[in-house]
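Take a look at the letters that make up each chain.
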Amino acid sequence: MNVWQGMLINLQFFTVIPIRREIPMGQKQLTRSVQTFPLLGLFQGLLASGLLYALLQWTPFSTLSITFFVWLFMIVLTGGLHLDGWMDASDAFFSYRDLEKRLEIMKDPRTGAFGVLSVIILLAAKFLFLYEIAQRASDLTYLFVLLVPFFSKSVMGIFLVQIQPAKAEGLAAFFQKGVKRSCLWIYPIYWLLIIGIAAMISLKAMGLTVLLTLMTLIVALWMKRKIVSWFNGITGDVLGASVEGMEGLLWMSVWLLHYFVMG
């Protein structure tokens, strides 16, 4: 039951799906919430992958139109939550101010020029990657579209638990009060299961899934160091920015795989 409650908490916090149920927010529920972050990503990826498949296979729409629908769907599904964090963190980072001022900038509800420019570049890059992926779509494409949010939400859980909060209040601090680092033991099991499922499809699918897994872990280690260096810890905005940044890199990786490996 706690696992189900954890998933419902994730849907309430990180999607626009209406969950009209009051869920307790105790330590067990928060732990299960973090433990099911990858499942939340898997669910989001399944919806996006299914939509892409349905539009490519069963509609007469152009690839450009299909790309727009899928791109927009992924933004709407999260309510732009992580994009808001991306803009606030961009404003703070590109201000080149001291740490205290950066944290103040992230708390400011107003969006600056750097936030606007950075989100335009991010969304444009994702649109480009998704458009060319859709143009070159094969059977493996749908697996990798599914895996992008799976890995990015896994990284969100790792950062939330392993990086100290930059301030005493906020979403990150709230979650950290209720979870322990040991709760991440289930993440490698998720990854191994995903690799196993890919192996059932083909050796090529398994190899590429392992490659994406390793790339995610390497980039996550680099991002973890930079988050501490730039912001002295994690906040809700930094967490959202890290999810968007990781997804952007994963979309770029899948795009490159379609060019140079999947052909």
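Relevant structure appears above.
Quick look at the structure, then. (Residues numbered from 1 in each chain as written. Predicted model: local features only at pLDDT ≥ 70, side-chain atom pairs only at ≥ 80, totals over all residues. Heavy atoms only, no water.)

Examining the overall build of the chain
Link 1 in the chain: The number of helices and strands found in the chain is 12 helices and zero strands.
Link 2 in the chain: Along the chain, helices and strands appear, N-terminal first, in the series α-α-α-α-α-α-α-α-α-α-α-α.
Link 3 in the chain: The C-alpha extent of the chain, read off along each of the three principal axes, is 50 × 45 × 35 Å.
Link 4 in the chain: Expressed as a percentage of the 263 residues in the chain, the buried residues total 50%.
Link 5 in the chain: Counting every atom, the chain has about 12800 Å² of accessible surface; 67% of that belongs to carbon and sulfur.
Link 6 in the chain: The averaged location of the 14 negative side-chain charges in the chain is 8 Å from the averaged location of its 20 positive side-chain charges. (Helix = DSSP H or I, 4+ residues; strand = E, 2+ residues; numbered from the N terminus. Buried < 20%, exposed > 50% of the residue type's maximum accessible area, 1.4 Å probe, protein only. Areas by Shrake-Rupley, 256 points an atom, 1.4 Å probe, with all protein chains shown as cover. Lys, Arg positive; Asp, Glu negative; His and termini not counted. Charge placed at Lys NZ, Arg CZ, Asp CG, Glu CD.)

Describing the layout of surface pockets
Link 1 in the chain: Within this model, the largest pocket holds a volume of roughly 570 Å³.
Link 2 in the chain: Around the largest pocket, the lining comprises 23 residues; the ones closest to its centre are Trp 86, Ser 90, Trp 230, Ala 241 and Gly 245.
Link 3 in the chain: When contributions to the lining of the largest pocket are tallied by element, the ones reaching two or more residues are α5 (81-93), α7 (113-135), α11 (203-231) and α12 (236-260).
Link 4 in the chain: Taken together, the residues of the lining of the largest pocket break down into 16 nonpolar, five polar and two charged. (1 Å grid on protein atoms, 1.4 Å probe; cavity = no way out; pocket = protein on both sides within 12 Å on 5 of 7 lines; lining within 4 Å. Points joined across faces, edges and corners; volume = space filled by probe spheres on them. Nonpolar A, V, L, I, M, F, W, Y, C, P; charged D, E, K, R; others polar.)

Remarks on a nonpolar patch on the surface
Link 1 in the chain: Taken together, the side chains of Val 16, Phe 61, Phe 68, Phe 69, Leu 72 and Val 76 present a nonpolar region at the surface, about 510 Å² in accessible area.
Link 2 in the chain: By secondary structure assignment, the location of Val 76 is in helix α4 (residues 63-77). (Patch = residues over 30% accessible without salt bridge, like charges linked within 9 Å, V, L, I, M, F, W, Y side chains within 5 Å. Salt bridge = Lys/Arg side-chain N within 4 Å of Asp/Glu carboxyl O.)

Some remarks on the packing of helix α3 (residues 37-58) against α4
Helices that pack against each other are described as a pair by the angle of their axes relative to one another and the distance between those axes.
Link 1 in the chain: Contact geometry of α3 with α4 gives a least axis separation of 10 Å together with a crossing angle of 160 degrees. The orientation of α3 with respect to α4, classified from their angle, is roughly antiparallel. Considering only the axes of α3 and α4, their crossing is right-handed. When α3 is examined against α4, the residues Gln 44, Leu 47, Ala 48, Leu 51, Leu 52, Leu 55 and Leu 56 are found in contact with a partner set consisting of Ile 66, Phe 69, Val 70, Phe 73, Met 74 and Leu 77. (Axes fitted to C-alpha atoms, helices over the stretch in contact; angles between N-to-C directions. Parallel < 35°, antiparallel > 145°, perpendicular 65-115°, else oblique. Left-handed = near helix turned anticlockwise from the far one by under 90°. Contact = heavy atoms within 4.5 Å.)

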